[in-house]
4 protein chains.
Amino acid sequence: MMAIETAMSSNDGSNHHLVHSDDPMHPANHICTLCAKFYTLGWVTGTGGGTSIRHGEHIYIAPSGVQKELMKPTDIFVMDFNNREYLRRPNVHKPSACTPLFLAAFTRGAGCCIHTHSQWAVLVTLLVERDFGKDACFEIEEIEQIKGIPKGRGKQGNLGYYDRLRIPIIENTAQEEDLTDSLEKAMEKYPDTYAVLVRRHGIYVWGDNVHKAKTQCESLDYIFQLAVEMKKLGLLWTNK
Amino acid sequence: MMAIETAMSSNDGSNHHLVHSDDPMHPANHICTLCAKFYTLGWVTGTGGGTSIRHGEHIYIAPSGVQKELMKPTDIFVMDFNNREYLRRPNVHKPSACTPLFLAAFTRGAGCCIHTHSQWAVLVTLLVERDFGKDACFEIEEIEQIKGIPKGRGKQGNLGYYDRLRIPIIENTAQEEDLTDSLEKAMEKYPDTYAVLVRRHGIYVWGDNVHKAKTQCESLDYIFQLAVEMKKLGLLWTNK
Amino acid sequence: MMAIETAMSSNDGSNHHLVHSDDPMHPANHICTLCAKFYTLGWVTGTGGGTSIRHGEHIYIAPSGVQKELMKPTDIFVMDFNNREYLRRPNVHKPSACTPLFLAAFTRGAGCCIHTHSQWAVLVTLLVERDFGKDACFEIEEIEQIKGIPKGRGKQGNLGYYDRLRIPIIENTAQEEDLTDSLEKAMEKYPDTYAVLVRRHGIYVWGDNVHKAKTQCESLDYIFQLAVEMKKLGLLWTNK
Amino acid sequence: MMAIETAMSSNDGSNHHLVHSDDPMHPANHICTLCAKFYTLGWVTGTGGGTSIRHGEHIYIAPSGVQKELMKPTDIFVMDFNNREYLRRPNVHKPSACTPLFLAAFTRGAGCCIHTHSQWAVLVTLLVERDFGKDACFEIEEIEQIKGIPKGRGKQGNLGYYDRLRIPIIENTAQEEDLTDSLEKAMEKYPDTYAVLVRRHGIYVWGDNVHKAKTQCESLDYIFQLAVEMKKLGLLWTNK
């Protein structure tokens, strides 16, 4: 957090050129179309959630407190990945409290990081706590959609149908920034994971690029929804 | 209600200029885009619900009995905040029965007030009555989305993760206008609340401006949906 | 049915002018926009359901077996209300098997009739049968949305909050046309109803005009969904 | 699989003309609009699922691993039906692992084949296994939407309301291609079926043409969703 605070006071430049592009795949445009889609999926209701893209040495970040489905490229913050200073800080917005958590993923090679408040994710964290205890991961197996999740950083290919999907869960904190420590610990303890659930809060998902982060986030959300419906119907997540 | 009846008979002017603007953020345009969005969220099905914006001394109000997703700026009523007379009353429509309830919020400093028939809100009022009694508020804690709700009028910032969210519930009445008394009593008893649930009916949510009213309404609806799903899964709303 | 069979053989004219209009409120255009909306509401999945509008002495009817969200004005059938002969019969389509049921509503003064396969409607018919028997109506009370339903033909105004909503249920038949008799009997036994549920099938809803039929259909579907969720949560539909 | 591997190595031509057309009903365009719609229905989340159309002796196939709602005609693979060689293989994509399963349907006269990961389909396969055993089909009767499913290849007309719908279920395999054998066995054992469920995975649905495959897929998904909700409410699928 220190680095961010410093950046906030040292740099107020607008650097409009960093967010102006006719290319819909430019990070400033892409974050906006992604967030509009995430809104319709129920992931970023009420200004919740966030999205960040790494583009070379620039980190593009959706601001805090904006209606995600209405976001414009000019709303986007841009940070220098190396010195963590803001190259662009729109005065009307506050930087996202997710920033240090996004950076934790970028430091480990991610190209895009998505944070959602998906209700399926929240319900799964509550069900795991009740049924398997506070230290348990979410675990499920033999669901085809598991094949949408890669094996892990530096490993080739995706999980197989018979692999067990394990998503670690960390406890929520009063301040989002304070999740950074436990998020990083979970990343170290589960080096193959591309996602960490946050109890009573939501999920952080990242990937090598936007395509992977977005489709992994969709696959996980599909699996969480299925898992909740399975619980309602008395069906088990694993064969044990 | 008296004031409204008087206004209805004393003023029939159309004052088209009050609802004509190229600015999508103009209240007459804004109410229409909001209501179209609320329709897709299931909040204003079958002409239910309503929305009102205060713009200086003018109150803009969606009419009664219209399909909310099809509303046009020319459908909008405009009332003078000070004398409660209609500055614009489209002849083809009836004024909203929610008007005195919207005014109760505006009198307490609100800039926008939203009324929905959200099924999650209705189900929550039924569950609270059955499980905690007729006098109980809806109460929940340790859900991240609670941080989307402000602490209260005149207070800085939003509720924290460890704060308990309390939304008062009033009993429904045969006529919507007759909710005004109990709504105002709830506003006085819970001066920090930005929302009041109406049993078997829906919710009134207000905020300092459109952005806040809309995002608070979304955050609350998210929490109500989560709370209903928690009940189905046997999960508790509070640690007690 | 006799009249329809006769019409089918005696009239093959296309009468394009009956379905060509620049006015989005023209019945041929209106049925298309309504059906596209109903598709997104899950009411007319897989070519199910149908919609018909009476326009003077002309009855406009969506055809059988078409993807409702893709319908074009040229797909629409037009029938003469008085002699039940088709003024327009697109050769590529089959007339809707709902036609005699729509006519039963038009004969009783309706201006628009909507048939949906809503799952909430189907589930409600199953729950009523199990919990209250084959002869029971669907009954619910003290839900605000009940006020979206009119008191009955020739009566002023809508149901009140304390009125009990009663929707009769008829048994399904192998052929849709064969529902006509029991639909008409239900209309006679419950002369105030604007809707009849069909067990394991869906619902027919009508109204004085398109606006009323559509908003009544929405209000009923809202109530059925709420009723199903209430059952899941162990909440009662009436105080008895 | 052998044939495909051979094709992959022997043909790298792009043959752009095969996927360029102004006609929205051209298979290359049609697959894209279908997949975008299927995304909103939750059938092809996270690059899951697939769609293929037979157009004369050409088979058009959506590629593997793409975001289905963003697909462009230039993403589409084209295969010669007779010699199973690719006439077009976009270098940036992998051919769909569903290809041999689509071919199994085309060999039996289908004009279009759709594969979804619908959660309702997955849940139904789990409920059938638990309640009726591994060898059981999904069976339901007396639901109007059953009439949306044809009687079988070479038979006239659709199932009737009193016909029992039976959809066979095959066990999932580690590799999608390895489903081909059991899919073909199910097709032979149930020659009238237009769909095969895959346990913990989804469904393959085919039809004589795009219209039929798409509407049959919708009708089945409607029935699966209804069946899951019936289970939650303790309602039976058949009278036995």
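Here the structure is a predicted model, which is why all the values come from computation and not from measurement.

The rules behind each value
Residues numbered from 1 in each chain as written. Chains lettered and ligands numbered in written order. Predicted model: local features only at pLDDT ≥ 70, side-chain atom pairs only at ≥ 80, totals over all residues. Heavy atoms only, no water. UniProt positions renumbered as here; feature names shortened; annotations may be inferred. Helix = DSSP H or I, 4+ residues; strand = E, 2+ residues; numbered from the N terminus. Contact = heavy atoms within 4.5 Å. Buried area = accessible area lost by both parts, 1.4 Å probe. Salt bridge = Lys/Arg side-chain N within 4 Å of Asp/Glu carboxyl O. Polar contact = N/O pair within 3.5 Å; in protein donor to acceptor, adjacent residues only side chain to side chain. Core = buried A, V, L, I, M, F, W, Y, C linked by side-chain atoms within 4.5 Å. Buried < 20%, exposed > 50% of the residue type's maximum accessible area, 1.4 Å probe, protein only. Pairing = 2+ DSSP bridges. Expected span 1.5 Å × (residues − 1). Least-squares fit on C-alpha atoms with pLDDT ≥ 70 in both. Nonpolar A, V, L, I, M, F, W, Y, C, P; charged D, E, K, R; others polar. Axes fitted to C-alpha atoms, helices over the stretch in contact; angles between N-to-C directions. Parallel < 35°, antiparallel > 145°, perpendicular 65-115°, else oblique. Left-handed = near helix turned anticlockwise from the far one by under 90°. Right-handed = clockwise from strand over helix to strand, strands pointing away.

Focus: the UniProt feature "domain: Class II aldolase/adducin N-terminal" (unreviewed entry) in chain A
Look at the UniProt record and you will see "domain: Class II aldolase/adducin N-terminal" (unreviewed entry) annotated at residues 29–228 of chain A. This span, residues 29–228 of chain A, is 32% helix and 20% strand, and a straight line between its end C-alpha atoms measures 34 Å.

Remarks on the interface of chain A and chain D
Each partner contributes residues to the interface: chain A has 25 residues there, and chain D has 28 residues. For the pair chain A and chain D, the summed buried surface comes to about 2,300 Å²; carbon and sulfur atoms form 52% of the total. There are three salt bridges connecting chain A and chain D. The residue Glu69 of chain D makes a salt bridge to Lys214 of chain A at a minimum N-O spacing of 2.4 Å. Counting across the chain A and chain D interface gives 19 residue pairs in polar contact (both at pLDDT 80 or more).

Examining the nonpolar core
Core analysis: the biggest nonpolar cluster contains 227 residues, and Phe138 of chain A, Phe138 of chain B, Phe138 of chain C together with Phe138 of chain D have the highest contact counts within it. Once residues within four sequence positions are removed from consideration, Phe138 of chain C is found in contact with Val124, Val128, Leu165, Arg166, Ile167, Ile169, Leu197, Ile223, Phe224, Ala227 and Trp237 of chain C.

Some words on the pattern of salt bridges
Tallied over the entire structure, the rule returns 83 salt bridges over all chains. Between Arg108 of chain C and Glu188 of chain C there is a salt bridge, with its nearest N and O atoms 3.2 Å apart. Separated by 80 residues along the polypeptide, Arg108 of chain C in the loop between helix H3 (99–107) and strand E5 (112–116) and Glu188 of chain C in helix H5 (residues 180–189) bring together distant segments of the chain. The class for Arg108 of chain C is partly exposed, based on a relative accessible area of 21%. Given a relative accessible area of 54%, Glu188 of chain C falls into the exposed group. Among the ionic contacts, a cluster of salt bridges with common partners joins Glu229 and Lys232 of chain A, Glu229 and Lys232 of chain B, Glu229 and Lys232 of chain C together with Glu229 and Lys232 of chain D.

Here we look at the pairing of strand E10 (residues 202–207) of chain D
Residue and element names in this part refer to chain D. Along E10, six of the six residues are buried, which leaves the element largely enclosed by surrounding structure. Burial along E10 is two-sided: the residues Gly202, Tyr204 and Trp206 and Ile203, Val205 and Gly207 are all buried. Across four bridges, the pairing between strand E9 (residues 195–198) and E10 is antiparallel. In the strand pairing of E10, Leu197 is matched with Ile203.

As for helix H4 (residues 119–132) of chain D
Residues spaced three or four apart along an α-helix face the same direction, because each turn holds 3.6 residues. With 14 residues, H4 of chain D should reach 20 Å at 1.5 Å per residue; the first-to-last C-alpha distance of 19 Å fits that figure. Counting buried residues in H4 of chain D gives ten out of 14 residues, a clear majority hidden from the surface. Residues of H4 of chain D that are buried include every one of Gln119, Trp120, Ala121, Val122, Leu123, Val124, Thr125, Leu126, Leu127 and Val128 of chain D, and no others. The elements touched by buried residues of H4 of chain D are helix H6 (210–232) of chain A together with strand E6 (138–140), strand E8 (169–170), E9, E10 and helix H6 (210–232) of chain D. For H4 of chain D, the capping residue at the N-terminal end is Ser118 of chain D, with a side-chain oxygen 3.2 Å from the backbone nitrogen of Trp120 of chain D. Looking one or two residues beyond H4 of chain D, the residue adopting positive phi is Gly133 of chain D, at roughly 100°.

Considerations on the relation of the copies chain A and chain B
Superposing chain A onto chain B requires a rotation of 90° together with a translation of 0.0 Å along the rotation axis, leaving an RMSD of 0.0 Å. On the angle and the small slide along the axis, the relation comes out as a four-fold axis. Scanning chain A for the C-alpha nearest the rotation axis identifies Lys232 of chain A, at a separation of 5.2 Å.

Considering the interface of chain A and chain B
Listed per partner, the contact involves 28 residues of chain A and 25 residues of chain B. Interface area lost by chain A to chain B is led by Gln67, Gln119 and Arg200 of chain A, which between them contribute 28%. For the pair chain A and chain B, the number of links is three salt bridges. A salt bridge links Lys232 of chain A to Glu229 of chain B; its shortest N-O distance comes to 2.5 Å. On inspection of chain A and its partner chain B, the count reaches 19 residue pairs in polar contact (both at pLDDT 80 or more). Looking at the side of chain A that touches chain B, the elements with two or more residues in it are helix H4 (119–132) and H6 of chain A. Top contributing element to the side of chain A that touches chain B by residue count: H4 of chain A, with six residues. Partitioning the side of chain A that touches chain B into residue classes produces nine nonpolar, twelve polar and seven charged.

What about the packing of H4 of chain A against helix H6 (residues 210–232) of chain B?
At a minimum axis separation of 11 Å, H4 of chain A and H6 of chain B run at an interaxial angle of 40°. Comparing their axes, H6 of chain B and H4 of chain A come out oblique. Crossing of H4 of chain A over H6 of chain B shows right-handed handedness. Counted together, Gln119, Val122, Leu123 and Leu126 of chain A of H4 of chain A and Tyr222, Gln225, Leu226, Glu229 and Met230 of chain B of H6 of chain B form the full contact between these two elements. Across the contact of H4 of chain A with H6 of chain B, the residue classes break down as six nonpolar, two polar and one charged.

Quick word on the sheet that holds strand E2 (residues 58–61) of chain C
Think of a sheet as strands paired side by side through backbone hydrogen bonds, with each pair either parallel or antiparallel. Residues and elements named next belong to chain C. Here we have eight strands laid out as an open sheet, ordered E4-E3-E2-E1-E5-E10-E9-E8, and mixed in their pairing. Because the sheet does not close on itself, it has two edges, and the strands there are strand E4 (86–88) and strand E8 (169–170). Packing of helix H2 (residues 27–40) onto the sheet brings it into contact with strand E1 (50–55), E2 and E5, and relative to E1 it is tilted by some 155°. On the sheet, H3 packs against E1, E2, strand E3 (77–80), E4, E5 and strand E10 (202–207) and is oriented at approximately 40° with respect to E1.

Overview of the pairing of strand E9 (residues 195–198) of chain A
All names here are of chain A. The alternating pattern of E9 places Ala195 and Leu197 and Val196 and Val198 on opposite faces, both of which are buried. One ladder, built from two bridges, connects strand E8 (residues 169–170) with E9; its direction is parallel. Residue pairing across strands places Ile169 opposite Leu197, the latter belonging to E9. Viewed along the sheet, the connection from E8 through helix H5 (residues 180–189) into E9 turns out right-handed.

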